[in-house]
Amino acid sequence: MHELVQAVFNSDEKTALHQFIYALNTSGKHYFLRNEILLLFADYCDQSQKPAYFYYSSSVGKLIQYTHEIILEEESTWFVVRPKIANQQVWQLTADFNSFEQMTPQALLDVRDRLVNRYQRHILEIDLHPFYEGSPRIDDPRNIGQGLAFLNRYLCSQLLTDPQYWLEILFQALHRLEYDGIRLLLNDRIPSGIQLAKQIKQALKFLSELEPNEPYEKFRFDLQELGFEPGWGNTAVRVSQTLELLDRLIFSPEPGILETFVARVPAVFRVVLISIHGWVGQEDVLGRDETLGQVIYVLEQARSLENKLREEIKLAGLDLLGIKPHVIILTRLIPNCEETFCNLRLEKVQDTENAWILRVPFGEFNPEVTNNWISKFEIWPYLETFALDAEKELLAQFKSKPNLIVGNYSDGNLVAFLLSRRMKVTQCNIAHSLDKPKYLFSNLYWQDLEDQYHFSAQFSADLISMNAADFIITSSYQEIVGTPDTIGQYESYKWFTMPQLYHVVDGIDLFSPKFNLVPPGVNENIFFPYSQKEDRDVNLGSQIHNLLFIREDPQILGHLENLNKRPIFAAASVTSIKNLTGLVECFGQSQPLQKHSNLILLSGKLHPHEATNPEEAEEIQKLHDIIDQYHLYGNIRWIGMRIPTRDLGEAYRVVADSQGIYVHFALFESFGRSILEAMISGLPTFATQFGGSLEIIENQENGFNVNPTDLEGTAKKILDFVEQCDTHPEHWHEVSERMSQRIHNRYNWHLHSNQLLLLAKMFSFWNFVAPENNEARDRYMEALFHLIYKPRAEKILEKHMGHGA
């Protein structure tokens, strides 16, 4: 970057930069973000008649291409430059153009505070860099999110560097494993790592003389004499394979061997999945619109984890000891549950043997508030008491401590931090979607938004939990560090200001191995290809076809004058982020698209009075207005009702029967559950280019990524595909099959559960091996919790106590 800046200053292009900055000054604005900067620079190049290469290839052009923010002050211009992923820099250009220098993040945060007239000279600075300094970290930004692979390589290199020391550490880690007082893997007949290496040889010699499928219970006591307790396997060949892996790991450590061995170690039996704020239930409830995806995710994750743990326990030979997996979804009990089961303390998760929903009520405080559902923006005052109460309930249910706690979303992750800190249990975080980057300038203008959103509590909670977590799983690479053109969700926490509250000068290490990509799966019992006719219910298909295309109902708006047109289908809540209004406007503006297609929307609500907040009501009304403006009633069906998940799966297939397409037009989507569901059902899918969907849709299909801010361009992309399918019908089938197979092969719950449990075991081992920074880090997080988070949460409680919900 220094060379590029030098090149600008040592060439005639310095004048061009001066002219561009002058043009920005004449706009009357002071703050410019990337898209606006690029558009204004393109306009400048056109007006100054610069040759085409200048925009991209000149030194100034390259500088502008890397720039994500420009802030204008009287005496200087500030640039936030991102020359590569996960590497942001601050540069200051003086007004006289004599100096262009790199500055600190602290200086930029002061500038941002001055921009909103909320600068204060002395402000709390939060710097978490010391807790990552000295720890192993990934070097190449392309490998961010591959923490497990990195950790495997690092540990194997350590085993090679000092094999005797690491052999003892490995022995101690295995020797401590137990289940409710039952020793696993090793007993006291093996007192050291050196002795372990010797005894493995004897055990392998003994096992070689047995039939491969000899059941473990027949030679259990022989192995115990050699120092080996249950957990190595359920047959002679399984025990032998596991011991051979350990033998190879001791004498010739390789990352693949370490990963395969750790995957076999029986170390996880009890798991807590925390999902707090939204209607966690199974019978026609499945969350509110804002939490629907999260609730489905957690329920399916619980089923998959319980099944995987059961399989691991059996293969380890531990089912003979009566050991069973136990999975609990921890959520809140809602007394006024609106005829759902959310007031039941304990509910079994369907299709499992020992997975349960455990509901713990919020401490009363003000029953008018705590007896009812509480929005995710208002939930913060009740989480600490909830965590304390939940700890007692979990210990009573498990009759022991859990082995793994998984938080979901900001509130669940904060409770995961509190519980894991008290119980000394491995903590995993899943953000699903971080709100700070989703709500533009939400941290800068937090004081103006505080009454409605309480971002000061939420962003503080995020900062605490993401740093306290032992590992973080994300659905996509973009969720962590974005793309060359966009900043990632976690990257947005690297440095930021909450004016007059605190400055975060280093909020997270993006290169930490704690970040791991573990995308979710799809329930393939519900979402499967339309071509699997033998698995489809003919009567259900007929009902759904009638609902989507024909049926009249007070909760359905519009009708289809020509049922032979190709259907465009979208299923989403009516929120500004999900952007159904943008999709309808895109459709309304394109007469050619209307000529070829019908638009079918499936959302939870149809009328503004059904909304749960003013923002949602406004968006619903806006959708009505757009439909009216473009006179779409004969080309559109807006179905404003919630349908069961089973029916939703058939809805995708019914649209695929008509060779339709699916469009996910969100302004931003961290991942996109409905994208997976539509694609595996066989629907060619167009999805927003902003977020994780870029990784779901393959590079060869980049024509299916759309820009939700470019309505004309999106309409053209969809129309080109529709016309191509009309001309070559086999094209629809080829895309349908390719997309369906991709989801089946890459996004499934079996892979997800394997990886999650492997991460839990590996990071538990890593914490045992290298605990040096954890205690100091966690005490720092506790200080932030008590000194920043709690006072902010108490202000929300004061409002609730005074005014009700």
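The coordinates are above.
Residues numbered from 1 in each chain as written. Predicted model: local features only at pLDDT ≥ 70, side-chain atom pairs only at ≥ 80, totals over all residues. Heavy atoms only, no water.

Student: Would you mind showing me how to read the overall build of the protein chain here?
Tutor: Summing up its helical and strand segments, the protein chain has 31 helices and 25 strands in all. Taking 28 Å as the expected radius of gyration for a compact globule of 805 residues, we find that the protein chain reaches 28 Å, a close match to that expectation. The dimensions of the protein chain, computed from C-alpha atoms along their principal axes, are 85 × 70 × 60 Å. The buried share of the protein chain, taken over its 805 residues, is 60%. (Helix = DSSP H or I, 4+ residues; strand = E, 2+ residues; numbered from the N terminus. Rg over C-alpha atoms; globule rule 2.2 N^0.38 Å. Buried < 20%, exposed > 50% of the residue type's maximum accessible area, 1.4 Å probe, protein only.)

Student: How do you make sense of the pattern of salt bridges when you look at a structure like this?
Tutor: Pairing is possible between side chains that carry opposite charge, provided their charged atoms lie close to one another. This structure, assessed with the given rule, holds 41 salt bridges. E36 is the salt-bridge partner of K29, the closest N and O atoms lying 2.8 Å from each other. The partner of R566 in a salt bridge is D726, and the shortest N-O contact between them spans 2.8 Å. Highlighted residues: R566 in strand β20 (residues 566-571) and D726 in helix α28 (residues 711-727), separated in sequence by 160 residues. Put simply, K533, R536, E650, R653 and D657 are held in one network by salt bridges that share partners. (Salt bridge = Lys/Arg side-chain N within 4 Å of Asp/Glu carboxyl O.)

Student: Just to check I follow, could you spell out the sheet that holds strand β21 (residues 597-603) for this structure?
Tutor: Strands in a sheet are paired, the pairing made by backbone hydrogen bonds, and the direction either parallel or antiparallel. With mixed pairing, 7 strands are arranged side by side in an open sheet as β19-β22-β21-β20-β23-β24-β25. The open sheet has two edge strands with one neighbour each: β19 (556-557) and β25 (705-706). Where β20 meets strand β23 (residues 661-664), 2 bridges bridge the pair, whose relative direction is parallel. Paired with I568 across the bridge in β23 is I661. Against the sheet, helix α22 (residues 580-589) touches β20, β21, β22 (636-640) and β23, its axis set at about 170° to β21. (Pairing = 2+ DSSP bridges. Contact = heavy atoms within 4.5 Å. Axes fitted to C-alpha atoms, helices over the stretch in contact; angles between N-to-C directions.)

Student: Honestly, the nonpolar core in this entry has me stumped. Any pointers?
Tutor: In summary, soluble globular proteins display a tendency toward joint burial of nonpolar side chains. In terms of nonpolar packing, the biggest core is built from 82 residues, with L174, F228 and L246 touching the most fellow members. Counting residues per element, this core draws most heavily on helix α30 (residues 749-769), at 11 residues. With residues near it in sequence (within four places) discarded, F228 still touches L185, L186, N187, I190, L196, Q199, I200, A203, L223 and L243. Formed by 75 residues, the second largest nonpolar core is a distinct cluster that contains A570, L583, M641 and F704. (Core = buried A, V, L, I, M, F, W, Y, C linked by side-chain atoms within 4.5 Å.)

Student: Honestly, the packing of aromatic side chains in this entry has me stumped. Any pointers?
Tutor: In this description, a pair of aromatic rings is defined by centroid distance and the angle of the planes. Across all of its chains, the model carries 43 aromatic pairs by this definition. Between Y439 and F455, the aromatic rings sit 5.4 Å apart at their centres with planes inclined by 55°, giving tilted as the arrangement. One end of the pair, Y439, is in the loop between α17 (435-438) and α18 (446-453); the other, F455, is in helix α19 (residues 455-468), and 16 residues separate them in sequence. Of the two residues, Y439 and F455, neither departs from the other in class, the shared state being buried. These aromatic residues form a ring-pair network of at least three members: F20, F41, Y44, F54, Y55 and Y56. Between K436 and the ring centre of Y493, over which it is positioned, the NZ or CZ distance is 4.9 Å. (Phe/Tyr/Trp six-rings, centres within 6.5 Å; stacked < 30°, edge-to-face > 60°. Lys NZ or Arg CZ within 6 Å of the ring centre and 35° of its normal.)

Student: Before we go on, may I ask you to explain the sheet that holds strand β17 (residues 502-506) in this structure?
Tutor: In space, the 3 strands of this open sheet follow the order β6-β17-β16, with mixed pairing throughout. Both edges of this open sheet fall to β6 (125-127) and β16 (496-498), since each of them pairs with a single strand only. The average angle at which neighbouring strand axes cross in this sheet is 20°, direction not considered. Across 3 bridges, β16 lies against β17 in antiparallel orientation. Looking at β17, one finds that M498 is bridged to Y502. Lying on the sheet, helix α6 (residues 105-115) is in contact with β6, β16 and β17; it crosses β17 at an angle near 150°.

Student: What is the right way to read the packing of helix α2 (residues 13-25) against helix α5 (residues 59-66) from this model?
Tutor: When two helices pack together, their arrangement is captured by the angle between the axes and the distance separating the axes. Interaxial distance between α2 and α5 falls to 9 Å at its minimum, and their mutual angle equals 45°. When the axes of α2 and α5 are compared, the pair comes out oblique. Judged by residue contacts, E13, L17 and F20 of α2 engage S59, V60, L63 and I64 from α5. In the contact of α2 with α5, the residues fall into 5 nonpolar, 1 polar and 1 charged. (Parallel < 35°, antiparallel > 145°, perpendicular 65-115°, else oblique. Nonpolar A, V, L, I, M, F, W, Y, C, P; charged D, E, K, R; others polar.)

Student: How should I be thinking about the pairing of β21 in this particular structure?
Tutor: Across the 7 residues that make up β21, a large majority, 7, are buried. Sheet topology note: the β20/β21 ladder contains 6 bridges and is parallel. Bridging across to β21, A570 finds its partner in L601. Bridge analysis of β21 against β22 gives 5 bridges, and the strand direction is parallel. Along β22, the bridge assignment pairs L599 with I636. Following the backbone out of β21, through helix α24 (residues 614-629) and into the adjacent parallel β22, one traces a crossover that is right-handed. (Right-handed = clockwise from strand over helix to strand, strands pointing away.)

Student: So what exactly am I meant to see when it comes to α2 here?
Tutor: The α-helix winds at 3.6 residues per turn, so residues separated by three or four positions along the chain end up facing the same way. Across its 13 residues, α2 extends 19 Å between first and last C-alpha, which sits within 8% of the 18 Å expected from 1.5 Å per residue. When we look at burial in α2, the residues that qualify are E13, A16, L17, F20, I21 and L24. Looking straight down α2, one finds its buried side chains confined to an arc of 135°; they lie on one side. (Expected span 1.5 Å × (residues − 1). Arc of directions from axis to C-beta.)

Student: I tried to follow α19 on my own but got confused; where do I start?
Tutor: In this model α19 runs 20 Å from its N-terminal to its C-terminal C-alpha over 14 residues, within 8% of the 20 Å that 1.5 Å per residue would give. Counting buried residues in α19 gives 14 out of 14 residues, a clear majority hidden from the surface.

Student: How should I be thinking about the environment of Y789 in this particular structure?
Tutor: Looking at where Y789 falls in the secondary structure, it is placed in helix α31 (residues 774-803). The exposure class assigned to Y789 is buried, which follows from its relative accessible area of 1%. For Y789 and G634, which are 155 residues apart along the polypeptide, the C-alpha to C-alpha distance reads 52 Å. The residues contacting Y789, other than those within four sequence positions of it, are W380, L383, L414, A457, A461, I464 and L784.

Student: Would you mind showing me how to read the side chain of Q478 here?
Tutor: Looking at the element boundaries, Q478 is found in helix α20 (residues 478-481). Here Q478 falls in the buried class, since its relative accessible area comes to 12%. Sequence-distant contacts of Q478, defined by excluding residues within four places in its chain, comprise T483, G488, Q489, G691, G692, L694 and E695.

Student: Explanation requested: the environment of G649 in the structure shown.
Tutor: As for its placement among the helices and strands, G649 is situated in helix α25 (residues 645-657). You can call G649 buried: its relative accessible area is 0%. Residues in contact with G649, not counting those within four places in the same chain, are I526, F527 and S681.

Student: Sorry if this is basic, but what is going on with unusual backbone geometry here?
Tutor: Across residues other than glycine, the phi torsion is negative in most instances, and most of the peptide bonds are trans. Positioned with a positive phi, K424 is a non-glycine residue whose angle comes to about 55°. Among the residues examined, K424 registers a relative accessible area of 59% and is labelled exposed.

Student: Whenever I open this one, the side chain of S304 confuses me. Can you help?
Tutor: Within the fold, S304 resides in helix α13 (residues 292-315). Of the residues examined, S304 reaches a relative accessible area of 12% and is grouped as buried. In this structure S304 touches W749, H750 and S753, once residues within four positions along its chain are discounted.

Student: I keep staring at the environment of D625 and nothing clicks. Help me out?
Tutor: Considering the arrangement of structural elements, one finds D625 in helix α24. A sequence separation of 270 residues divides D625 from A355, and the C-alpha atoms of the two residues are 46 Å apart.

Student: Help me understand the pairing of strand β4 (residues 87-94), please; the structure alone is not making it clear to me.
Tutor: For a regular strand, the rule is simple: side chains alternate between the two faces of the sheet. In terms of burial, β4 is a largely internal element, 7 of the 8 residues being buried. In terms of strand pairing, strand β3 (residues 76-84) meets β4 through 7 bridges, oriented antiparallel. Its bridge partner lying in β4, S76 is registered against T94. In sequence, β3 turns back onto β4 through a hairpin of 2 residues, with A86 there showing a positive phi of about 65°. Pairing of β4 with strand β5 (residues 100-103), which is carried by 4 bridges, proceeds in the antiparallel orientation.

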